[in-house]
Amino acid sequence: LSPHSGRYRSRTGHAAMMNPAIYELGLLEADPRTELLKGYPFEVQHAVISSLVQFYYKITHANELVHVSTTSHVDYAMEAIGGAFALDISREGVQGIIIRATCVYENWLNSERRPGPMVRNKQRYIGVMFQHMSQMFINRSVSKSSGADGKVLLDDHEKLCDRILDVMLNFVREHGQELEDATWDNVLRVLLGMCDCLLSVSEADLDLASRLCPRLIKILLEVWVRSTTRTEDNWSHLQRLYSRWTHRMHAVSLWSNCCLQLTMCMLRLAFGPDEGQPHIFAEAPLRLPDDDLAYLWHRMLYIMGNPNAIKTPANHLAAIQGITAMIDAWLSVGSKPQAKGVKGKPSREPPRPPSANAVLDVFGEWLFEAATMHKASRDGAAEALGILCRVFRFRCPTPFDRTYSARFLRIVVQALESGQRDAIVSVLSNSVGLFSSSVEGARMLLPFFAAQIRQLLLTQTNYEEVSSRGCRTSCLRILGSMIGVVARLRAKVIKVPHVPKGFPLSSTSSSPSSTGGGGDDADDRDGGVSIPVSDVHSVLADVLLKTLTSESFPPNQQLILCNLSVLLWENVHAQPELSHTVIKAILWNIKEHVLDWEVEVTLSALQVLSSLTPLHESVDQGNKNTIPSVVNELCISIETGIENLLEMLKRSGRAGVGTVSGAGSSGGAPQTPRGTDAFSGTVSSSGTGVNAALPKGVADRARVVASMFETLRQWIYAASHILAVSDTIKNVLKTIEAALGRRSAFQEPDKANGGSASGGGSSGSGDTPAEFSAPPLPESVRDEAQVLLSCILYHTHTHDSRRVEEGMVRLSTLVHEDDEVAEIARALGCTAEEAKRRRVRYFMLDGSTIVTVVEHRRSDRTHHDDYARRKGDYATIIVRDVSGRYAWDCRVDYVLDEEMAPFMATKPAMPRVRSRCTSAFLAEQGGWMESARDAVAAEAQQSDVAERKDMLTESLSMFQDLFRVEGSQLGQNDSLSVFQGLLSWESNREKLTAGEARLATRGRSYTAPHALVRGDNGTATQEMVGVPYSRMLCNHLGLSSVGGRSTFAMLAYSQRTLRQIKFLDNQAERESYKIGVLFVDKDQHHQHDVLTNTHGTEAYERFIKRLGVSVRLDQHTGFMGGLRVPSDQNSNDHNGVCAPYFASHTYEVIFHVPTMMPSNPKETQQIHKKRHVGNDVVTVVWSENPFEYRTDMLTTQFNQVYIVLYPVAVPNTLSLYHVRIVLKSGVNVGAFGPLQDHMVVTEDVLPDLVRQTAVTAYRSVRSREDGYTTPYRARKALMDELASRCSVTSGMCEYYHTFFANEPTALEQK
């Protein structure tokens, strides 16, 4: 440095006085001529430096720098000021000098208050000032023996250094853009020398380096990034020196943080503004140019060299964790919600995640090496294994490089077999979803994972400290993904290099020399061992069954139960006997742990049992005793639960509350208002509100018992044939009576409360108080018991669940009194209201059943041909209760087969018992049948009734059955006479109506009770009054008897009554759900693309067909889910022709499938589709897209649960599907299943499991909504309200008068 040269030589020239490490490292060259005061005694140095620093401090603050007018003045001044930073800070007054010197330099760097020569040659003097201040960063070690004075001195030194670092950093942040490249080189090398001077030495407890390390490295990295230097020497110096500091944790962690921030900026650069972050450094944000950013990110990754060279295990772990954070950032691309543009459409194309191969190209070598360093750095090796597993389970559009796949498989096997618990746990914790990935040969890992999961979950040898809940959860999820893969592996064996440790190999396994057939796709190599797939399956089943008992963490218990359900679904047809083992285990655990398990776990176990009911045929095939044992064990558990409930209520002092007596004497008014719990008397506002006022333990136990009733009902619905077993039906009825508070009719007299056994009678609240005294059980339990009884009485053996359109679509009848009255009104030529007043009567039975009686008369039929088909006088009874609506047509029969009378007046009566005749009898009759046919044909030609040939042929068949009676004395002539009479009757059809003709020719039994009130010529002999047949029917049934009036009350004929009945009819009798189904094709990322799909892949179409029965919307009478067919088929609001629909006794579900709805090319958002699928709580997504489905693809606020299905391309296996369960952000729902996140299932069981999971998810969401109530309770509340508000209290005269009055009385019109 020449004082008069006016020029600074940064690379080869001499530098001013500085930290000696700078020139010792070869960063800058020192010039001894600049240290003019170095040879003087301290007192002289102190006096000179103190005086000049004080002088320049004053004139700088006063801005009176006119005296410093030449370069010599500035150089001399800086020689003195710079010398202040080298003074001994332990001397008195030195710290004050250094503080003032720092202030002078701060002003000269950051403001306009600087000498004139410095303004003209700013670049030169900036470097000089940085060099001077670097002298402060010389480590002054303080020993522990120096005591408090040494610590104080160290604190003072630290403060002075922090002050200088602030000055440097602030200058770079504010004026860095003004620096030239040469100045940047000087600044960077000064900082490098400062850092190395302190950080390269070993750490001590009391030293300046340990205190300044975080700030030094942070400032160095920030200044380096802001410089955007591309000088190769600078980067070489940085990499050479930084690797000397890796023994310090801060050096590693701050490098990781800096690289992560640069990575986030790179993500934004590469994938758009929705990804990453725009700036680096939060305190003073910096946005780098694109080319500089890419260069800096790449060079900064390698400044520390190979992380595996770090000797300190903790620091090595930190380095691998930094790499992990960067990789996770790359893999998370596309997971953030997109910014929306106009009309909710994304403003740009969504980003595609990078290829996993590209990530491995950058970090793979470090990770593969680190994963094998179990001895040198056990934790770092475990971390590397974890991130590698996450990379290889990543959904990637391109297959993994085979080199990477082979290395990965090898290190995973080594880790699982190493015995290193950290490595094993890391692999297991991060391999969820691995078996649904596209890693070639991953199936080879099945036995190794099975062996280690078995070891961890069952034996727990050497794993006590690490068998955390999270790791066990991962193991159970891996088991869930293995079930489907194992169930559908085409190869009968899996070829592995050796038998895994701890794997229970069966005798069927073979060595290479004895192996026959192909193995799994993992191994092309020779040698190894072939493990049967059945062995892996046995391990899975054994682990799940045993952990069901040993696991104590509730979410894991629920996961085990769901895995068992899927295991049974996948294997029950091939192994029917497995069902007995699984169901028995679940029942045993429910029975043994009902008091130990969390309530949600018990409810999940019962839900799983219910989910297995569709498999009842296979279950019965596996073991005939399984289903009866399910029913009997559930009955025992329910009775035990009821006893526990009563005991808990007794202890809580509530045993005398909530008893319910028999119905009152006038109309059966309800004991509790609508929405009120009968036990607690509190208003219920949600699905769990029926037990809300009870103590928590009691409420939870009530939920369990109620759920047991529901599960029992599901099994009875599915396998109703078990009710034919006397002991089974007795157990069920005794269980119901235990909940409804009745003595069992099957108990011994001495066990029935000291009295004789009495019949149970009918259900409901209409029993007399002597027979019925409800125990103080919560209403939810009583409700489920009543629903079960209704199930047994109403729905078992009355519907064919295999014929959806004829059975399960409608539990209630479509017959309604308004339709009946409409026919009568057309026949009578009056209004419907007038006809209803004449012929309809409403009653309330036991306060729980509405009985509507509609009177039909023969005289009405002459007014309308359609109505004339219904012959004679009869009554239609329409019954409404909490389970639904039912209709019966009732007439009185006085003689048998009266329709045969017109042509059989002189013949013997028909035999009462019809049976098939023997072949001998037919032989005895000879050819009378042939003669009869000839007579029929001849008569048809003569009577010109050829158009009736088909009907006569049918009649002939009927008579063939009619006369097949063993021992009949009818001869050939008698038979021919019968047919001749039939033909004569046919030719004279005007004597009978067309409706009667059809009845007669088809042989239907019919008797006309009108003969009582009509003459022989068919004319009326007297006028009917009121509703005589309704009156007679009700009296015959004992409903309108004097003794029965107390329970069979009249309902007022009023608008309120009719309105309440309409409300009741509109309330569903079972749960109804609507589920959305989306198809996402390859490269589809926008809502418009998805909603305009009109078809899917063949696999998708098969899935839709099996998801439910395709019903025509214009003919469907079940739940519509908002779908409708407009009158104009070309309407833009058209919802399609068909939709998948599924119904059972307990619920019905319709699926909103956009591919089955026509698209409107003029509508960008396809509103007619979106209004349905966008409002569904649960959405099933079939995705052919190789990337993860984005939940914000469909702009909606109502979708909360997504069941996403990805086809899995696995060689040598049948179709497999990876299931993801995704919840919308902020949504909190309970456990549902049986499908769980990351399960892999086969195509065979996919539709059934998806439907069940969607329904339980919907139910879980709905049950948490305010105001939710079950259909049973909703109908019961309406029934109670109708009974209390519309029942009529009347005397005997007024009561019976309603049957005789042609018009409603004033009493009925209240």
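Residues numbered from 1 in each chain as written. Predicted model: local features only at pLDDT ≥ 70, side-chain atom pairs only at ≥ 80, totals over all residues. Heavy atoms only, no water.

Another point: the overall build of the chain. Scanning the chain from N- to C-terminus turns up 44 helices and 18 strands. Looking at the chain as a whole, 56% of its 1310 residues are labelled buried. By element, 50% of the accessible surface of the chain is carried by carbon and sulfur atoms, the whole surface being about 55,200 Å². (Helix = DSSP H or I, 4+ residues; strand = E, 2+ residues; numbered from the N terminus. Buried < 20%, exposed > 50% of the residue type's maximum accessible area, 1.4 Å probe, protein only. Areas by Shrake-Rupley, 256 points an atom, 1.4 Å probe, with all protein chains shown as cover.)

What follows concerns the confidence of the model for the chain. Per-residue confidence for the chain gives a mean pLDDT of 77; residues scoring 70 or more make up 74%. Ranking the elements of the chain by mean pLDDT puts helix α36 (residues 994-1001) last, at 38, and helix α10 (residues 232-242) first, at 95. For residues 800-807, every residue scores under 50 in pLDDT, and the model assigns this stretch nine contacts once sequence neighbours within four places are set aside. Across residues 1306-1310, confidence stays below pLDDT 50; counting only partners more than four residues off in sequence or on other chains, it has 16 contacts. (pLDDT = per-residue confidence, 0-100. Contact = heavy atoms within 4.5 Å.)

This part takes up helix α26 (residues 696-718). For α26, with 23 residues, the first-to-last C-alpha span of 33 Å sits near the 33 Å given by 1.5 Å per residue. Buried residues dominate α26, accounting for 18 of its 23 residues. (Expected span 1.5 Å × (residues − 1).)

A separate point is the sheet that holds strand β8 (residues 884-890). Ordered in space as β8-β7-β6-β5-β9-β18, the six strands form an open sheet in which the pairing is antiparallel. Edge strands, defined here as strands with exactly one partner in the open sheet, are β8 and β18 (1287-1288). Inspection of the sheet shows strand β7 (residues 874-881) paired to β8 by seven bridges, in the antiparallel sense. In the strand pairing of β8, Arg 880 is matched with Arg 885. The strands touched by helix α37 (residues 1028-1036) within the sheet are β6 (849-856), β7, β8 and β9 (1048-1051), with β6 carrying the most contacts at an inclination of about 140°. (Pairing = 2+ DSSP bridges. Axes fitted to C-alpha atoms, helices over the stretch in contact; angles between N-to-C directions.)

Under the criterion given, the structure shown has 25 aromatic pairs. Relative to Tyr 1217, the ring of Trp 1182 lies with its centre 5.0 Å away and its plane at 55°, an arrangement referred to as tilted. You can see Trp 1182 sitting in strand β14 (residues 1178-1183) and its partner Tyr 1217 sitting in strand β16 (residues 1216-1223), a full 35 residues away along the chain. With respect to burial, Trp 1182 and Tyr 1217 carry one shared label: buried. Through a chain of ring-to-ring contacts, three or more aromatic side chains come together here, namely Phe 55, Tyr 56, Phe 85, Tyr 105 and Trp 108. (Phe/Tyr/Trp six-rings, centres within 6.5 Å; stacked < 30°, edge-to-face > 60°.)

With that settled, consider the pairing of strand β12 (residues 1138-1143). Taken together, the four bridges between strand β11 (residues 1109-1112) and β12 define a ladder with antiparallel strand orientation. Considered in β12, the bridge of Val 1111 is made with Ala 1139. Strand direction decides the pairing type here: β12 and strand β13 (residues 1147-1152), joined by three bridges, are antiparallel. Bridging across to β13, Ala 1143 finds its partner in Glu 1148.

Attention now moves to the nonpolar core. Core analysis: the biggest nonpolar cluster contains 288 residues, and Phe 392 and Phe 449 have the highest contact counts within it. Counting residues per element, this core draws most heavily on helix α9 (residues 208-227), at 12 residues. Residues within four places of Phe 392 in sequence aside, it is in contact with Leu 360, Phe 368, Phe 400, Tyr 404, Ser 405, Phe 408, Leu 434, Ser 437 and Val 439. (Core = buried A, V, L, I, M, F, W, Y, C linked by side-chain atoms within 4.5 Å.)

The subject of this paragraph is helix α43 (residues 1271-1286). Compared with an ideal rise of 1.5 Å per residue, which puts 16 residues at 22 Å, α43 spans 22 Å between its outermost C-alpha atoms and is within 8% of the ideal. In terms of burial, α43 is largely enclosed, as 13 of its 16 residues are buried.

What follows deals with the pattern of salt bridges. Taken as a whole and judged by the stated rule, the model has 49 salt bridges. Taking the shortest distance from any N to any O, the salt bridge between Glu 222 and Arg 226 comes out at 3.0 Å. Of this pair, Glu 222 and Arg 226 both sit in helix α9, four residues apart, roughly one helical turn. Pair check on accessibility: Glu 222 and Arg 226 agree, each one buried. In this structure, the salt-bridge partner of Glu 833 is Arg 837, at a minimum N-O distance of 3.3 Å. (Salt bridge = Lys/Arg side-chain N within 4 Å of Asp/Glu carboxyl O.)

We now examine the packing of α9 against helix α11 (residues 249-271). Interhelical geometry of α9 versus α11 gives an angle of 35° and a closest axis separation of 9 Å. Between α9 and α11 the crossing geometry is right-handed. Taking contact as the criterion, the partners of Cys 213, Pro 214, Ile 217, Lys 218, Leu 221 and Val 225 in α9 are, on α11, His 250, Ala 251, Leu 254, Trp 255 and Cys 258. Within the contact of α9 with α11, the residues separate by chemical class into nine nonpolar, one polar and one charged. (Left-handed = near helix turned anticlockwise from the far one by under 90°. Nonpolar A, V, L, I, M, F, W, Y, C, P; charged D, E, K, R; others polar.)

With respect to the helices, strands and loops of the structure, Ser 481 is situated in helix α19 (residues 469-487). For Ser 481, a relative accessible area of 1% puts it in the buried group. Discounting residues that sit within four places of it in the chain, Ser 481 has contacts with Phe 435, His 1238, Met 1239 and Val 1240. A distance of 2.7 Å separates a polar side-chain atom of Ser 481 from the backbone oxygen of Ile 478. (Polar contact = N/O pair within 3.5 Å; in protein donor to acceptor, adjacent residues only side chain to side chain.)

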